[in-house]
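Here are the chains, one letter per residue:
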Amino acid sequence: MTDSFKARTMLTVGTDHYEILSLGALKSLNVDRLPFSLKILLENLLRFEDGVNVTKGDIDALLKWDPKATPTHEIAFTPARVIMQDFTGVPCIVDLAAMREAIVRLGGDPQRVNPLAPAELVIDHSVQVDEYGAADSLKHNNEIEFQRNGERYMFLRWGQTAFSNFKVVPPNTGIVHQVNIERLARVIFSDDAAGKKAAYPDTLVGTDSHTTMVNSLGVLGWGVGGIEAEAAMLGQPVTMLIPQVIGFKLTGSLRAGTTATDLVLTVTEMLRKKGVVDKFVEFFGDGLKGLPLADRATIANMSPEFGSTCAIFPIDEETIRYLELTGRAADQIALVEAYAKAQGLWRVNGAPAADYTDVVELDLATVEPSLAGPKRPQDRVPLHKAKQVYQSSVKKMAEERTQKNPQATGVAQADVGGKRFEVRDGAVLIAAITSCTNTSNPSVLVAAGLLARNAYARGLNSQPWVKTSLAPGSRVVTDYLQKAGLLKDLEALGFYTVGYGCTTCIGNSGPLKPEISEAVRSGDVVACSVLSGNRNFEGRVHPEIKMNFLASPPLVVAYALAGSLDIDITTEPLGQDKDGKPVYLKDVWPSAQDVAAAVAASVDSAMFKKGYASVFAGDANWNAIKTPAGKIYSWDGKSTYVKNPPYFDGISMTPAPLTDIKGARALAVLGDSVTTDHISPAGNIAKSSPAAKYLMAQGVQAVDFNSYGARRGNHEVMMRGTFANIRLRNLLLPGTEGGVTVHMPSGEQMPIFDASVKYKAAGTPLVILAGKEYGTGSSRDWAAKGTMLLGVKAVIAESFERIHRSNLIGMGVLPLQFKEGQNAHSLGLTGKETFEIAGLNRGAAKFVKVIAKADDGTRTLTTEFEARLRIDTPKELDYYQHGGILQYVLRQLATASKAA
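A few points on the structure.

Here is what the cut-offs are and how they apply
Residues numbered from 1 in each chain as written. Predicted model: local features only at pLDDT ≥ 70, side-chain atom pairs only at ≥ 80, totals over all residues. Heavy atoms only, no water. Helix = DSSP H or I, 4+ residues; strand = E, 2+ residues; numbered from the N terminus. Rg over C-alpha atoms; globule rule 2.2 N^0.38 Å. Buried < 20%, exposed > 50% of the residue type's maximum accessible area, 1.4 Å probe, protein only. Contact = heavy atoms within 4.5 Å. Lys, Arg positive; Asp, Glu negative; His and termini not counted. Charge placed at Lys NZ, Arg CZ, Asp CG, Glu CD. Phe/Tyr/Trp six-rings, centres within 6.5 Å; stacked < 30°, edge-to-face > 60°. Lys NZ or Arg CZ within 6 Å of the ring centre and 35° of its normal. Pairing = 2+ DSSP bridges. Axes fitted to C-alpha atoms, helices over the stretch in contact; angles between N-to-C directions. Parallel < 35°, antiparallel > 145°, perpendicular 65-115°, else oblique. Left-handed = near helix turned anticlockwise from the far one by under 90°. Nonpolar A, V, L, I, M, F, W, Y, C, P; charged D, E, K, R; others polar. Salt bridge = Lys/Arg side-chain N within 4 Å of Asp/Glu carboxyl O.

A few words on the overall build of the protein chain. A tally of helices and strands in the protein chain yields 30 helices and 34 strands. Taking 2.2 N^0.38 as the reference for a compact globule, 900 residues should give roughly 29 Å; the C-alpha atoms of the protein chain span a radius of gyration of 27 Å, in line with that estimate. C-alpha atoms of the protein chain, sized along the principal axes, occupy 80 × 80 × 55 Å. Considering the protein chain as a whole, with its 900 residues, one finds that 62% of them fall into the buried category. Considering only residue pairs separated by 6 or more positions, the protein chain has 76% of its internal contacts joining residues 24 or more positions apart. The average position of the 95 basic charges and that of the 95 acidic charges among the side chains of the protein chain differ by 2 Å.

Written as structure tokens, this is what we have:
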């Protein structure tokens, strides 16, 4: 590698000597003014300077960074590792297996398709809450998980042996991001490449948008689509524009009665209003000195919800304390501290702030108890206004219900286990302590346990219609709750452990009791959930629940007791005690002193060392799975979980030239905030859906459908599930919900998948019209893969979320953006026009011409407008010209293999 700045030097830590790229060598170039996150990018460029992918000019551009300027300079960032979860990780390994076959067809060596950087996959997305409320719920849910997912797990075990640098954390261990901060994150990497030790920052990309949780440790990383992660594994740098950086200044400290959850919902609201998409967010200020790392992790976790690329904290004494608590080796901790101090990456109280693009400030003392909902995480609701927000929302829903179904009253009787009760509008049907956002934080989990203890002692219990669950993000949580004596108190209210995985937060909430489901249907009840998760989009948590509220774990318990959102739990009683006296939230809420004392007495380093001693080993279920042999995967034609995808069918060494898109039809016209959940749902497969019909044709019974997320290794299921969310509203059919559209020119109404088949048979290309924030939510590559497989050539939206825009390019789908102030409505587009997109062969053009023609039977009306081409970097243009990132990488690998 080149070293234009003579930055290569040695760092001594104890008796060890490490080669580093010293940022101190650039001190005269004002490197101290750079934000923490850009210093990490700078070190990365220095280390990978080769005159080709990274040039001296790239390093100069970062050193001369203008915080106020619009980003224009592209750089190549090379992460140290890749992390995955199984929903997105399985299709990654499927694609790598398919690439091995394809490279052989192109005359290359299959061993070229192999991770060059460490790749770790944590199986956490597959366990579902089938059983709950009993001591054996965990056991039963684990058994069902392995029965459902045997094919997928067998494939992953093959991947462990077939690919080097690839490790799997088996099921029943924890949630990927919690396992990452508690065990996998290095903070500072060290290796012995080329016969000498080197030290450098731990950096990563992950196939889950909440990869940013590790930013709490000072580790720079973010979520990308699976296709981009595959490229990173195969040695491709991540191309990006040098970003703007928003500084978030924290002062003061949280008041008693507020939690890290309340804090992160406040931060999310503030930053979503500020607008931080495509920007880095960096936290600074003296408020950090009293902010525990677990609270930092809660904030960093929700970076996707406020829209930033990352949400990073600097390394400081609190980082070191956490590394010690979680059982990291002493020599590793010493390296972290020495490296951070030597490189100017160590936070010092009172130090001057870096230069930032802009600064947002928050006095922690102003944070108040909050929820977020009923359908977006950025819609913070002060706890004392939750009832008011619920009533305002349900009023609109009730009016729509009356128009559609005048007989529905919003209430119905249910009889469960001999108990008869009403299920009415506002009923909390799911109360879930779930998600690494909060289960990584001992303070809020201990607070939930203490609230449960206090409530049970007063004679309160969860309402019988509430599905209660506890899904810790690691086994350490169970250890400290048991040691504190709080697990039994949570269980007394029905919060039994149901699994060590994401569960309700990603839609794996499992079925409601049949009697309750029937009551919801018969009364058309507007039911609610309360969960300690990070996402509450429509249709995500459960198909029968229409309002979802994010809340801290103690508030989840409180709402299980109250049983309804139609209660102001700050002023109305949660229930009555044994003597019939009202019990209020303030009567059972634990004091900050009690929480702190319980955490101090019950959480220790030995738990982490024991819990993670054999993190890659797995249990008897995992080790009993038969592992296929061979470097090329033997595809099972009968498998309904893992199939060879069609991305490389007919591929040649030379991509076809770009041509204009002509005669296209709109497959869907969508509004604002269409999420990747709307585009590619992860939850239940509806029995009447095209995906269900396909599975039944393969002999799969409805009880074995599993979820879309678990079927992501099968493109046949996933393309049929694209745009199949039950809450998707296609404006081509106003007033309807679900994956339906109008086929043109026939005018026939049909499922979106069926329409795509008809269009494909006629050779008709497709487009999507959309509003603002298209593709918000999870870093779900199937939202782009499915779009491409349906025949969509372009998406024209008012704005895109970062990851989804990148994923579309990665699959060869063109992202186009309406000019400011324009949208489909303002241009008079109905979606029933034919579309031509001209100017694609002009290379790096910033705008293309779109021509829409509508025929009303007597004349043709033409609308012409310019749309911004959202191919933002030269490397993205390369990917698009090759038909996608996977095709680009495959051709590169095949070329290198032939030259070897």
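Now for the packing of aromatic side chains. One pass over the structure, following the stated rule, counts 19 aromatic pairs. Where Y774 meets F800, the ring centres are 6.1 Å apart and the plane angle is 90 degrees; that geometry is what we call edge-to-face. Of the two residues, Y774 sits in the loop between β29 (766-769) and α27 (782-789) while F800 sits in the loop between β30 (792-797) and α28 (802-810), which places them 26 residues apart along the sequence. By relative accessible area, which is 6% here, F800 ends up buried. Taken together, the ring pairs connect F155, W158, F163, Y633 and W635 into an aromatic cluster. Sitting above the plane of the W782 ring, K785 keeps its charged end 5.5 Å from the centroid.

Turning next to the sheet that holds strand β32 (residues 834-838). With respect to topology, seven strands assemble into a closed barrel ordered β26-β29-β30-β31-β34-β33-β32, the strand pairing being mixed. Neighbour-to-neighbour, the strand axes of the sheet open up by a mean angle of 35 degrees, direction not taken into account. Of the pairings in the sheet, the one linking β29 to β30 comprises four bridges and is parallel in character. Residue L766 lies in a different strand from β30, and its bridge partner there is V792.

Here we come to the packing of α27 against α28. The geometry of α27 relative to α28 is characterised by a closest axis approach of 8 Å and an angle of 40 degrees between their N-to-C directions. The angle between the axes of α27 and α28 places the two elements in the oblique class. Along this stretch, α27 crosses α28, giving a crossing that reads as right-handed. The residues of α28 that touch α27, namely those facing A783, A784 and T787, are H804, N807 and L808. Looking at side-chain class alone, the contact of α27 with α28 contains three nonpolar, three polar and no charged residues.

Turning our eyes to something else, we now look at the sheet that holds strand β12 (residues 245-251). Reading across the sheet, the four strands line up as β14-β13-β12-β15 and stay open at both edges, with parallel pairing between neighbours. Either end of the sheet is taken by a strand with one partner, and the two such strands are β14 (310-312) and β15 (358-363). Pairwise comparison of adjacent strand axes, ignoring direction, gives a mean angle of 20 degrees for this sheet. Here three bridges tie strand β13 (residues 280-284) to β14, and the two strands are oriented parallel to one another. Residue pairing across strands places V281 opposite A311, the latter belonging to β14. Here helix α1 (residues 36-47) sits on the sheet in contact with β12, β13 and β14, set at roughly 120 degrees to β13. Along the sheet face, helix α7 (residues 260-274) touches β12, β13 and β15 and points at about 150 degrees away from the line of β15.

Now for α27. Among the eight residues of α27, seven are classified as buried, and the element is accordingly described as predominantly covered. All buried positions along α27 are accounted for by W782, A783, A784, K785, G786, T787 and L789. Two residues or fewer past α27, G791 is found with a positive phi of approximately 100 degrees.

Think of it this way: side chains of opposite charge can pair up when their charged atoms draw near. Taken as a whole, this structure holds 51 salt bridges when the rule is applied. Here E337 makes a salt bridge to K341, at a shortest N to O gap of 2.7 Å. Within this pair, E337 and its partner K341 are both found in helix α11 (residues 330-342), separated by four residues, close to a single helical turn. Given a relative accessible area of 23%, E337 falls into the partly exposed group. A relative accessible area of 45% means that K341 is categorised as partly exposed. D524 is paired through a salt bridge with K546; the nearest N and O atoms lie 3.3 Å apart.

Right, let's get into helix α24 (residues 690-697). For α24, the full list of buried residues reads P690, A691, A692, Y694 and L695. Of the surrounding secondary structure, the elements contacted by the buried residues of α24 are α25 (715-721), β28 (748-751) and α26 (752-761). Downstream of α24 by a residue or two, G699 has a phi angle that is positive, lying close to 90 degrees.

For the rest of this paragraph, the subject is the packing of helix α10 (residues 317-325) against α11. At their nearest, the axes of α10 and α11 sit 10 Å apart, and the two run at 170 degrees to each other. When the axes of α10 and α11 are compared, the pair comes out roughly antiparallel. Here α10 contributes I320, L323 and E324 to the contact with α11, which in turn contributes I333, V336 and E337. Taken together, the residues of the contact of α10 with α11 break down into four nonpolar, no polar and two charged.

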